[in-house]
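Residue-level listing of the chains:
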Amino acid sequence: MTETTRGNGRTPAAALAAFVLVQGIAAAFFISDAAHDLSHGFGNMESLSELFISLVLVAGIFLASWQLRRMISEIKDKDRALAVARGNFARVIATQFTDWGLTPAERDVGLFALKGLDVAEIAALRGAATGTVRAQLARIYAKAGVSNRAQFAAFFVEELLADGAPDT
Amino acid sequence: MAGPHPENGNGGAIAPPDPWDPLVRFSHWGIAAAVIANGLLTKPGGTLHVWIGWVAIGILAARLVWGLVGPAEARFSAFPPDPRAAISHVLSLFRPGGPREHPSHNPAAAMMVYALWLCLVVVIGTGLVMTDAKSPLQISQERAAVAAGDWSVLVNDDGESEGGGEDHDESGELVKEVHEVAANLMLILALVHVAGVAVESRALRRNLVHPMLLGSGKGR
């Protein structure tokens, strides 16, 4: 999930950055050409239009750079908001676990369960027997006053939806 | 995860951005490729050499504009040249506490950036003098004209530099010398830069190359 959220808006930003660089290169070539023409004689229509195009190219580089900078700061803001939301949710879970009086091992198992890992995966991650994990889960559900994993997860989903759920 | 890292995601404000913004990354590798290509691979004075030089001009120009209008950490104001701070930063690498984190380039790296840009400007400037600031397009046009038997394109140039004579040749030799010395200096500085990144990465226990490539993806 982290990877996909990191990807948001980054590809357009990278594309725009590449565009700015290509613009810079194009401007370098064009302006040198224009400068050569100007040094051979100023005032004819061709040199004037080249001068005009050069100015437009340079202005374009500045404008695209400015746009890119706004895009990057928007991405940063989004990432920050997401991190805050994620941190707050983690805090909500931690507080709830403390309220239920979960042991450190149970907190670990409970978190893995919330992330959707099954018993075998949790056992492998913790280097414990599946029986142990199953017993720990049962104790967690008992302390939380729920009867299965779906209810356990729903407890926190409900927490998230409490304010934001639309009336139906 | 729940508890021990309450500031996860915000604590990064002191460290350089991860990843660096795309324009910084692309211009960094673009210039690096151009320097390696022209310093070690292409035929000096050849058409390809001049083409790559002009591409480097464009990239450098865009990066310098970015230093004025880009995000905070890419702007010149985020890494002012400060030799004294640079020296104390290098010394701190060998002290037990290790170096401090900086929001942009560290002071030593900042000096390296300016030194490399200065070398680039000198190399580009002397290169332009040697080719009469003609873009590769014009050069190949003229060469084609000469090959076709039309020598008039050359007459025009000789007329402009007539006052020079032998003096012109000597200064041309000097310009060439400066071009080569600055280019070699730039290659040496690039090696020092790579070594600096390695030492700093080790001191900070953090891979500093990743943010310049794609970002570390440290968000688990």
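Now for a look at the structure at hand. (Residues numbered from 1 in each chain as written. Chains lettered and ligands numbered in written order. Predicted model: local features only at pLDDT ≥ 70, side-chain atom pairs only at ≥ 80, totals over all residues. Heavy atoms only, no water.)

Quick look at the overall build of chain A
Each helix and strand in chain A was counted, giving seven helices and zero strands. Secondary structure of chain A in N-to-C order comes out as α-α-α-α-α-α-α. Buried positions account for 32% of the 168 residues belonging to chain A. Contacts in chain A between residues far apart in sequence, at least 24 positions, make up 59% of those at least 6 positions apart. Counting every atom, chain A has about 9800 Å² of accessible surface; 64% of that belongs to carbon and sulfur. (Helix = DSSP H or I, 4+ residues; strand = E, 2+ residues; numbered from the N terminus. Buried < 20%, exposed > 50% of the residue type's maximum accessible area, 1.4 Å probe, protein only. Contact = heavy atoms within 4.5 Å. Areas by Shrake-Rupley, 256 points an atom, 1.4 Å probe, with all protein chains shown as cover.)

So, the pattern of salt bridges
If you walk through the whole model with that rule in mind, you get eight salt bridges over all chains. Bridged by salt links that share partners, the residues Glu106, Arg139 and Lys143 of chain A form one connected network. (Salt bridge = Lys/Arg side-chain N within 4 Å of Asp/Glu carboxyl O.)

Describing the packing of aromatic side chains
Counted under the stated rule, the structure contains 16 aromatic pairs over all chains. For the ring pair Phe29 of chain A and Trp51 of chain B, a centre distance of 5.0 Å and an interplane angle of 50° mean the geometry is tilted. Linking Phe29 of chain A in helix α2 (residues 10-39) with Trp51 of chain B in helix α2 (residues 47-69), this pair reaches from one chain into another. Given the relative accessible area of 33%, Trp51 of chain B is considered partly exposed. Ring centres of Phe97 of chain A and Phe152 of chain A lie 6.4 Å apart, and the angle between their planes is 10°; on these two criteria the pair is classed as stacked. Remark: Phe152 of chain A occurs in helix α7 (residues 149-164) and Phe97 of chain A occurs in helix α3 (residues 45-99); sequence separation between them is 55 residues. Considered together, Phe97 of chain A and Phe152 of chain A belong to a single accessibility category, that of buried residues. The rings of Phe97, Trp100, Tyr141, Phe152, Phe155 and Phe156 of chain A are connected pair by pair, giving a single aromatic cluster. (Phe/Tyr/Trp six-rings, centres within 6.5 Å; stacked < 30°, edge-to-face > 60°.)

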